[in-house]
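Examination of the molecular architecture
Listed below are the residues making up each chain.
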Amino acid sequence: MIVKLMMTELKHCVSGYNCMKYSVFYHHICCAAEEQGYSLDEMLEQVRLYGIEYVELDRDDVGADDNGGRKLFQRLKAHDLKPSSIYGFYDMGNPDRTVTRDDLLLRQAQYMSC
């Protein structure tokens, strides 16, 4: 299902001009790999073959430390994919919110050039 959606979106860009750069959510790639019986690396390769260059990452996808983010970045890079952004949901009114978690996200985004 997700693979068909990606292919449908790419048909709008077959003429070779005025093409937008496409991205896909990393979570959708993981789900598509499971649905299609592919390994994650096989699905990342398929995504790139479809012409998609960028991946949207959830803050939780990049891990709880710098090492997790770097591993994911290297995995994407191995398939010639780049992160377009790292999104997350915040509860700004929560007094338990820690600066450490936000600092980690900023370091990871800087490392990945998001």
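Residues numbered from 1 in each chain as written. Predicted model: local features only at pLDDT ≥ 70, side-chain atom pairs only at ≥ 80, totals over all residues. Heavy atoms only, no water.

1. Details of the overall build of the protein chain
Secondary structure summary: the protein chain contains 5 helices and 3 strands in total. Start at the N end of the protein chain and walk to the C end: the helices and strands fall as α-β-α-α-β-α-β-α. The proportion of buried residues among the 114 residues of the protein chain is 32%. With an accessible surface of roughly 7,500 Å², the protein chain has 53% of that area assigned to carbon and sulfur atoms. (Helix = DSSP H or I, 4+ residues; strand = E, 2+ residues; numbered from the N terminus. Buried < 20%, exposed > 50% of the residue type's maximum accessible area, 1.4 Å probe, protein only. Areas by Shrake-Rupley, 256 points an atom, 1.4 Å probe, with all protein chains shown as cover.)

2. Quick look at the sheet that holds strand 1 (residues 23–25)
In a beta sheet, neighbouring strands pair by backbone hydrogen bonds and run either parallel or antiparallel. What the 3 strands build is an open sheet, ordered 1-2-3; its pairing is parallel. This sheet does not close on itself; its edge strands, each paired only once, are strand 1 and strand 3 (82–87). Averaged over all pairs of adjacent strands, the angle between strand axes in this sheet comes to 30°, irrespective of strand direction. Looking at chain direction, strand 1 and strand 2 (residues 54–58) are connected through 3 bridges and run parallel. What sits directly across from S23, in strand 2, is Y54. (Pairing = 2+ DSSP bridges. Axes fitted to C-alpha atoms, helices over the stretch in contact; angles between N-to-C directions.)

3. Remarks on the pairing of strand 2
Of all 5 residues making up strand 2, 5 are buried, and the element is well covered by its neighbours. Two strands pair when backbone bridges link them, and strand 2 and strand 3 are joined in this way by 5 bridges, in the parallel orientation. Directly across from L57, in strand 3, lies its bridge partner I86. One crossover worth recording links strand 2 to the parallel strand 3 by way of helix 4 (residues 66–78), and it is right-handed. (Right-handed = clockwise from strand over helix to strand, strands pointing away.)

4. Things to note about helix 2 (residues 26–36)
Inspection of helix 2 places Y26, I29, A32 and A33 among the buried residues, and these make up the whole buried set. All buried residues of helix 2 project into a common sector of 115° when viewed along the axis, lining one side. Away from the buried face of helix 2 by more than 90 degrees, exposed residues E34 and E35 are located. G37 occupies a position one or two residues after helix 2 and carries a positive phi of about 75°. (Arc of directions from axis to C-beta.)

5. What to know about the environment of A78
Within the element layout of this structure, A78 appears in helix 4. In the structure, A78 is positioned 34 residues away from L44 in sequence and 9.3 Å away in space, judged by C-alpha atoms.

6. Re the packing of helix 2 against helix 3 (residues 40–49)
The geometry of helix 2 relative to helix 3 is characterised by a closest axis approach of 9 Å and an angle of 115° between their N-to-C directions. The angle between the axes of helix 2 and helix 3 places the two elements in the roughly perpendicular class. As helix 2 packs across helix 3, the resulting crossing turns out to be right-handed. Residues Y26, I29, C30, A32, A33 and Q36 of helix 2 touch helix 3, and the partners they reach there are L40, M43, L44 and V47. (Parallel < 35°, antiparallel > 145°, perpendicular 65-115°, else oblique. Left-handed = near helix turned anticlockwise from the far one by under 90°. Contact = heavy atoms within 4.5 Å.)

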